[in-house]
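Each chain, written out:
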Amino acid sequence: MEPPQQFRQFNFERNKETTINPYAQHHMSQRDSDFVARILHLMSLTPLSYSLIVMWDECIYAIRDPFGNRPLCMGALVSSPSQAHSSTLPTHVDGWVVSSESCSFPSVCAKLYRDVMPGEIIKLEKNRKPKTLAIVPRPE
């Protein structure tokens, strides 16, 4: 069985250049850029409601569809349960978590950082702040 035509021929370069913020593209490695192009391609083929969490190359990518119907939020891991219940973000973050609902964060000593915006692709790495790699606009 052969894949459909749209899977066999796709110009990743053209599509990622028009969708990815030029500033973010300039600061992305070629590996990141290729991976984001593949995610953008997937998003262009699936005009559905979804939230994805993808682990690749020791990073976590949080992806939310452009319609924003499925929730997705990021949390910052903190060192003590009391920090997880405080109203401010701590100065030191031990790591990052992603979930469809923030109510799960206190059970793993995490604090809500922010929601993933509709159409947003975020890269989470160890010892770094989350980085938005692309935001796909809602289709007309």
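Numbers given to residues run from 1 along each chain, matching the order in which its sequence is written. For this predicted model, a pLDDT threshold of at least 70 governs which residues receive local features, and a threshold of 80 or more governs which side-chain atom pairs are given and counted, while totals over whole chains, interfaces and linings are taken from all residues. Hydrogen atoms and water are omitted, and side-chain values are computed over all heavy atoms in the structure.

Novice: Before we move on, can you summarise unusual backbone geometry with the specific residues and values?
Specialist: The phi angle of most residues is negative, glycine excepted, and most peptide bonds adopt the trans form. Located in the positive-phi region is Cys109, a residue other than glycine, with phi close to 55°. Here Cys109 lies in the loop between β4 (95-99) and β5 (110-115). Despite not being glycine, Asn127 shows a phi value in the positive range, around 60°. A run of DSSP states H or I qualifies as a helix once it reaches four residues; a run of E qualifies as a strand once it reaches two. Both are numbered from the N-terminal end. You can see Asn127 is positioned in the loop between β6 (120-124) and β7 (131-135).

Novice: Explain the pattern of salt bridges to me, and be specific about the residues and the numbers.
Specialist: Salt bridges are identified by distance alone: a Lys or Arg side-chain nitrogen within 4 Å of an Asp or Glu carboxyl oxygen. What the rule picks out here adds up to three salt bridges. Ionic pairing is found between Lys123 and Glu125, a salt bridge with its closest N-O pair at 3.8 Å. We note that Lys123, like Glu125, is buried. Residues joined by salt bridges that share partners form a network here, namely Lys123, Glu125 and Arg128. Here the term buried applies to any residue with accessible area under 20% of the maximum for its type, exposed to any over 50%, and partly exposed to those in between, with areas from a 1.4 Å probe on protein chains only.

Novice: Would you mind going over the sheet that holds β4 in detail, with residue names and values included?
Specialist: As a general point, the strands of a sheet are linked pairwise by backbone hydrogen bonds and lie either parallel or antiparallel. At least two DSSP bridges between two strands are required for those strands to pair. Taking strand neighbours across the sheet as the criterion, the three strands line up as β4-β3-β5 in an open arrangement whose pairing is antiparallel. Lying at the two open borders of the sheet, with one neighbouring strand each, are β4 and β5. Sheet twist, expressed as the average angle between the axes of neighbouring strands with direction ignored, equals 30°. Note on definitions: angles span 0 to 180 degrees between N-to-C directions of axes, and those axes are lines fitted to C-alpha atoms, for helices only across the stretch in contact.

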